[in-house]
Amino acid sequence: MKGKKTMAFGCAAILACGMLAGCGENGGGSITDDDPTEKVTYTVWMPLEPWSISSFTNRDFGENEIIQEIEKKFNIEFIFQHPVTGSEMDQFSIMIGDKNLPDLIFSPSWYLGGVEAGIRDGAYLDITQYVPEYMPNYQKILDENADIESLAKTDSGQIGAIYGVSLYEEYPYYGPLIKQKWLDDVGEDVPVTIADWERVLTKFKEQKGASAPFILDPTGYDYTAGTFLSAYGVGPAFYLDGGEIKYGPSEDGFYEYLNLMRRWIKEGLIDPNFSEKSWDDMVAQITSAQSGAMIQSPDTMSVYFENNGISWTAAPYPVLNEGDELHYRQKSFKVYDGWMTVAAISTSCKNVERLMRALDYGYSEEGATLYNFGIEGRTYTVTEDGKKEFTDLIYNNPYGLTPTQTVWRYKVHNGLFIRDEHNANPILIANPKSLEARKSWAEIKTDAVIPPLSYTREESQDVSANMDAVNKYISTQVLSFLTGKQNDLSGTADVITDPSVFRNNLNVKGLTETLQIVKDAYARYLERA
């Protein structure tokens with residue numbers, strides 16, 4: 001395996017704001033590729049997805065075989081700089097404050113004020129004028145997909161970052177999972193309504209001896225998908241209600257949900273110590289006789305279920321009344337703004353053209369196939385009818401790597417390319433039951449889900465400060481209410497009857513100001529959509 005030089009950082013954080021000394025319009029090198037025969041080295045700052053780290057011997061993305069193929073094809077070398085796990089955003093601030101920036105910077109939206117501020121301050125290169133010539137495949141995707149273009153450009157229409165994309169909306173990956181055998185044992189069908197769930201969980205407690213029939217998220221509610229919350233017509237944070245932006249925890253439906261959870265805890269349907277449970281604790285509960293249902297990813301949990309001989313099924317997102325229509329669930333947008341899925345070219349970059357052409361390869365048919373499936377004959381074969389099938393290097397790796405590791409070592413699970421999750425995720429392909437679960441959740445409408453928004457530097461500062469205070473307050477008050485401790489949600493520990501004090505405190509801590517900022521940002525999104 002080709003060796004790489006990897007740099008890690010471990011200093012104190014500084015605030016990534018203000019003008020950057022020494023940066024300008026490509027102050028670090030030339031735009032054009034003057035000598036294609038000369039090898040070019042690019043430094044790349046990239047935070048690693050936590051679950052990808054174990055795939056690499058030296059914690060270096062340069063060990064990935066697809067990256068090595070790209071390097072050979074375009075006569076380039078990538079030197080990856082990976083920040084220390086757990087201090088990624090702090091290290092980003094340190095990195096961005098240096099006038100000698102890496103050539104390619106992942107997670108560029110961490111810049112205070114977002115990508116547009118990074119361009120304005122001279123950190124990121126505005127590549128709008130270069131994309132048509134140097135990244136024609138990427139430009140074609142933007143031209144033919146208005147929904148992708150609206151998320152891939154800044155509020156002013158600039159291209160300051162390159163995003164990983166999907167040409168279709170991926171199936172939701174998060175929802176209710178329940179033990180099928182337990183349902184059979186207690187004579188119940190898969191629950192549909194909240195009342196169904198209460199009846200089923202009660203039987204799990206009484207007939208199966210479950211000490212914690214339902215595993216509740218340690219925060220007290222499902223922030224990822226709003227499961228159960230959506231039955232009450234609200235989202236877990238900011239959401240759309242008939243085109244109007246609202247904030248879930250300040251709406252009546254949120255308190256109805258909390259009343260339900262509080263009652264289930266009192267009735268022994270939820271572990272009263274749910275907030276203290278770690279991931280390992282929850283896995284131990286669901287894979288034993290303690291618990292029968294949880295909200296999680298079937299891709300993740302199917303392995304645990306299979307290893308423990310547990311039959312399971314996915315349940316629909318619950319509703320209050322059978323036939324009710326939901327409007328909120330976990331949604332994957334076609335443009336990825338994750339740690340390893342979006343990058344900006346810095347103004348320090350040397351030979352911008354070569355880098356852009358190399359990145360554009362992931363948006364061609366040939367390049368997308370390489371990223372999604374790996375190297376033909378090594379990671380996949382093609383059947384007579386043209387279907388691609390992964391080899392044992394992926395599924396039964398001779399070096400002891402699991403499929404969750406091989407997807408990062410021999411292909412790229414997510415990055416700067418056209419991702420084909422439904423056909424090229426070996427974990428999903430090997431678990432047809434998981435695929436069916438995710439398909440079923442995709443039937444839920446998502447008109448209440450707000451797309452990713454862009455904020456100005458001033459807005460970012462205000463949103464960050466306000467929501468830090470708001471979220472801390474919500475966390476404290478929700479857990480206090482659910483565990484029967486003193487709180488601002490009501491005059492008693494059992495039922496929320498008057499949340500006015502709680503609502504007022506949310507506004508005092510900055511919710512009113514933040515809500516207006518979100519509305520303004522959403523209005524700008526609609527203008528460019």
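Before reading further, recall that the structure is shown in the block above.
Residues numbered from 1 in each chain as written. Predicted model: local features only at pLDDT ≥ 70, side-chain atom pairs only at ≥ 80, totals over all residues. Heavy atoms only, no water.

1. Examining the pattern of salt bridges
Any two side chains of opposite charge can pair, so long as their charged atoms come close to each other.
Here is step 1: Summed over all chains, the structure comprises 32 salt bridges.
Here is step 2: The shortest N-O distance in the salt bridge between D299 and R438 comes to 2.6 Å. Separated by 139 residues along the polypeptide, D299 in helix α11 (residues 298-307) and R438 in helix α18 (residues 432-441) bring together distant segments of the chain.
Here is step 3: A relative accessible area of 1% means that R438 is categorised as buried.
Here is step 4: E353 is the partner of R357 in a salt bridge, and the nearest nitrogen-oxygen pair spans 3.0 Å. (Salt bridge = Lys/Arg side-chain N within 4 Å of Asp/Glu carboxyl O. Helix = DSSP H or I, 4+ residues; strand = E, 2+ residues; numbered from the N terminus. Buried < 20%, exposed > 50% of the residue type's maximum accessible area, 1.4 Å probe, protein only.)

2. Details of the nonpolar core
Here is step 1: Membership of the largest hydrophobic core comes to 152 residues, with the highest contact counts inside it found for F61, Y124, W264 and I345.
Here is step 2: Of all hydrophobic cores here, the second largest spans 8 residues; its members include F373, F390, I394 and Y410. (Core = buried A, V, L, I, M, F, W, Y, C linked by side-chain atoms within 4.5 Å.)

3. Section: unusual backbone geometry
Here is step 1: With phi around 50 degrees, R59 is a residue other than glycine that occupies positive phi space.
Here is step 2: Summarising the element assignment, R59 is placed in the loop between β1 (40-45) and α1 (65-74).
Here is step 3: The phi torsion at N75 lies on the positive side, around 55 degrees, for a residue other than glycine.
Here is step 4: Tracing the sequence through the fold places N75 in the loop between α1 and β2 (76-81).
Here is step 5: Since its relative accessible area comes to 26%, N75 is described here as partly exposed.

4. What to know about the packing of aromatic side chains
Here is step 1: Taken as a whole and judged by the stated rule, the model has 35 aromatic pairs.
Here is step 2: Each ring, one from F61 and one from F80, has its centre 5.5 Å from the other, and the planes form 85 degrees; the classification is edge-to-face. Placement of the pair is F61 in the loop between β1 and α1 and F80 in strand β2, with a sequence separation of 19 residues. We note that F61, like F80, is buried.
Here is step 3: On the numbers, 6.0 Å between centres and 75 degrees between planes, the contact of W197 with F214 is edge-to-face. Here F214 lies in strand β6 (residues 214-215) and W197 lies in helix α8 (residues 194-208), a separation of 17 residues in the sequence. (Phe/Tyr/Trp six-rings, centres within 6.5 Å; stacked < 30°, edge-to-face > 60°.)

5. Considering the sheet that holds strand β10 (residues 312-314)
Here is step 1: Spatially, the 4 strands line up as an open sheet ordered β6-β9-β5-β10, and their pairing is mixed. Either end of the sheet is taken by a strand with one partner, and the two such strands are β6 and β10.
Here is step 2: With respect to the sheet, α18 is in contact with β5 (175-179), β9 (293-296) and β10, its orientation differing from that of β10 by roughly 25 degrees. (Pairing = 2+ DSSP bridges. Contact = heavy atoms within 4.5 Å. Axes fitted to C-alpha atoms, helices over the stretch in contact; angles between N-to-C directions.)

6. Some details on the sheet that holds β1
Here is step 1: Strand order in the open sheet made by the 6 strands is β2-β1-β3-β12-β4-β11, with mixed pairing throughout. What marks the edges here is a single partner per strand, and that holds for β2 and β11 (335-336).

7. Considering the layout of surface pockets
Here is step 1: Taken as a whole, the second largest pocket spans an internal volume of roughly 210 Å³.
Here is step 2: Forming the walls of the second largest pocket are F373, G386, K387, K388, E389, F390, Y395, H422, N423 and I429.
Here is step 3: Mapped onto the lining of the second largest pocket, the elements with two or more residues apiece are β14 (388-390) and α16 (421-424).
Here is step 4: Element by element, the count of residues in the lining of the second largest pocket is highest for β14, at 3 residues. (1 Å grid on protein atoms, 1.4 Å probe; cavity = no way out; pocket = protein on both sides within 12 Å on 5 of 7 lines; lining within 4 Å. Points joined across faces, edges and corners; volume = space filled by probe spheres on them.)

8. A word on α8
Here is step 1: Here α8 spans 20 Å end to end across 15 residues, near enough to the 21 Å set by a 1.5 Å rise per residue.
Here is step 2: Contacts from the buried residues of α8 go to β5, α7 (180-185), β6, α9 (252-266) and β9. (Expected span 1.5 Å × (residues − 1).)

9. Remarks on the pairing of β2
Each regular strand shows side chains that alternate between the opposite faces of the sheet.
Here is step 1: Along β2, 5 of the 6 residues are buried, which leaves the element largely enclosed by surrounding structure.
Here is step 2: Looking at chain direction, β1 and β2 are connected through 6 bridges and run parallel. Along β2, the bridge assignment pairs T43 with I79.

10. Thoughts on empty space enclosed by the protein
Here is step 1: This structure, assessed with the given rule, holds 2 cavities of 30 Å³ or more.
Here is step 2: Each pocket or cavity is described by its volume, and for the largest cavity that value is around 180 Å³.
Here is step 3: Along its surface, the largest cavity is lined by 17 residues, and M46, F61, I67, F106 and Y371 are the ones closest to its centre.
Here is step 4: Mapped by element, the contributors of at least two residues to the lining of the largest cavity are α1, β2, β3 (104-106) and α12 (352-360).
Here is step 5: Residue classes in the lining of the largest cavity are distributed as 15 nonpolar, 2 polar and no charged.
Here is step 6: The space that makes up the second largest cavity amounts to roughly 40 Å³.
Here is step 7: Forming the boundary of the second largest cavity are N372, K411, H413, R419, D420, E421, A424 and N425. (Nonpolar A, V, L, I, M, F, W, Y, C, P; charged D, E, K, R; others polar.)

Just geometry here; none of it tells us what the structure is for.
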